[in-house]
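Results of the structural survey
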Amino acid sequence: MNEAMPLKVENAGSMSSQELTQSREYEIRTTGSFRKGPKRQAWIGKILILVFSVLVCMEGGSRLVLSINTFRRRVTGFDDASYRLQWVKLHGEHKDWTGPFAIYHPTRGWALKSGIENMKVFDGTILNTNSRGVRGKIEYNYERIPGKPRIVVLGDSFTFGAEVPDDATYVHYLESHIPNSEVLNFGVQGYGHDQILLYLKEEGIKYHPDIVILGFTYIDIYRNIESFFAYAKPKFALSPSGLQLTNVPVPTPERVLAEEPYRPKSFDILFILKEKLRWTLGKNETEAREVTGQLLDEIIKTTRGFGAVPVFVYLPVNEEIAPLPQFGITTKSPAVAEREQYLRGVCEKEKLPCLFLRTRFRQEVEKGVDLHPRGHWNATAHSIAGEEIKNFLSSNGLIRGELPANTLSAPN
């Protein structure tokens, strides 16, 4: 017979030779795969252990680097992670970049405390705030006094008047130069234009001012792309539909401190390195200008929306007042003029009155006048700024009256 004889296989019944061959081949294949299984699992385990070890070393090394002041200063830069780490360090030393006069704010990050009386700050400078957190002792009602011009001045620490007393800020001088006026100082140390916009919408509108002045410093544009600077803050993101507010409500200090031990420091370092690359490639500069442009447009739109006149004043600081030869920067460097041109472009597009103070400041410096160009302005600089702004408003028909003959001078 041509058919293969059935063979007796133990526990397998009757199989043909072909079926037996296939069975043995299957057994060989499966047995081989079973033998390879433990080896494959061993290799996977080794790889996982290696990856875990590398991650542990990276995290441990990152925490060590960031715990040593010398190394941390070399690693950190200008970004959310760096600013957060700096704030945590200062908090541990019972210090705060925003000063003892600041308080947590859920939408702006921080704000001036209300009701401060003769607080000594900045090595002896006296600070007061009214019941609504506006600098100075004067209480301003939301309701207007008929016939009395009212101006709200927005800005950062230069408008706030860091390092000078209440009666030596340019806002105070401006009010002194305009008879029977109210000029409210809405400057807050460390603010970016995003926080300034929110402050205007939350509080500025309530005062129904005739004029809203923005004290513009170019360095503030970089704060507009951060969600952490002097402390955690709001951030507007660009989108096809316009600006989108993020990071609100701003996390409380307690939450930031509670989460800090669990934040991977290796991720922080990677983020810092990524941001340094973006700065080198100019991407952050471009983003800062784009976001700031839209924020300034929104400040203008909001101001005009309640019937007030927006006015921008470019406040020169640091190398814009006096040269920094160690960095190869002078007051005539292209970068300085280009910063002013950025704001000039916004003003021309919106047909907005804009004052640039650098020319007057440079004239004073060349005469030998000290304006404290290596930090916040001194009282002399504030006095000059207040005078220039008053004259600018008058020449543009925004206020009436002339500067008094006995123009106020800066206190000694």
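Keep in mind the model is a prediction, meaning the values are calculated, not measured.

Further remarks concern the pattern of salt bridges. The full count for this structure, using the stated rule, is 33 salt bridges. With a closest N to O distance of 2.3 Å, R289 and E338 form a salt bridge. Highlighted residues: R289 in helix α9 (residues 283–305) and E338 in helix α10 (residues 334–350), separated in sequence by 49 residues. Of the residues examined, R289 reaches a relative accessible area of 22% and is grouped as partly exposed. The partner of E364 in a salt bridge is R360, and the shortest N-O contact between them spans 2.9 Å. Separated by 4 residues within a single helix, E364 and R360 lie in helix α11 (residues 358–366), roughly one turn from each other. For the pair formed by E364 and R360, the shared burial category is buried. One network of salt bridges, in which partners are shared, links R84, R255, E259, E260, R263, K265 and D268.

So, on to helix α12 (residues 379–395). Given a rise of 1.5 Å per residue, 17 residues ought to cover 24 Å, and the 24 Å separating the end C-alpha atoms of α12 matches this to within 8%. Among the 17 residues of α12, 13 are classified as buried, and the element is accordingly described as predominantly covered. Note on α12: the residue one or two positions beyond its end, G397, has a positive phi of about 70°.

In the segment running from V248 into P249, the intervening peptide bond is cis, with an omega of 0°. Locating P249 in the fold gives a position in the loop between β11 (242–246) and α7 (253–259). One non-glycine residue with positive phi stands out, namely D123, at about 60°. Among the secondary structure elements, D123 is positioned in the loop between β5 (119–121) and β6 (125–127). Positive phi, normally seen in glycine, also occurs at N318, with a value near 50°. Note on placement: N318 falls in the loop between β12 (309–314) and α10. Residue classification places N318 among the partly exposed positions, given a relative accessible area of 25%.

Cut-offs and rules
Residues numbered from 1 in each chain as written. Predicted model: local features only at pLDDT ≥ 70, side-chain atom pairs only at ≥ 80, totals over all residues. Heavy atoms only, no water. Salt bridge = Lys/Arg side-chain N within 4 Å of Asp/Glu carboxyl O. Helix = DSSP H or I, 4+ residues; strand = E, 2+ residues; numbered from the N terminus. Buried < 20%, exposed > 50% of the residue type's maximum accessible area, 1.4 Å probe, protein only. Expected span 1.5 Å × (residues − 1).

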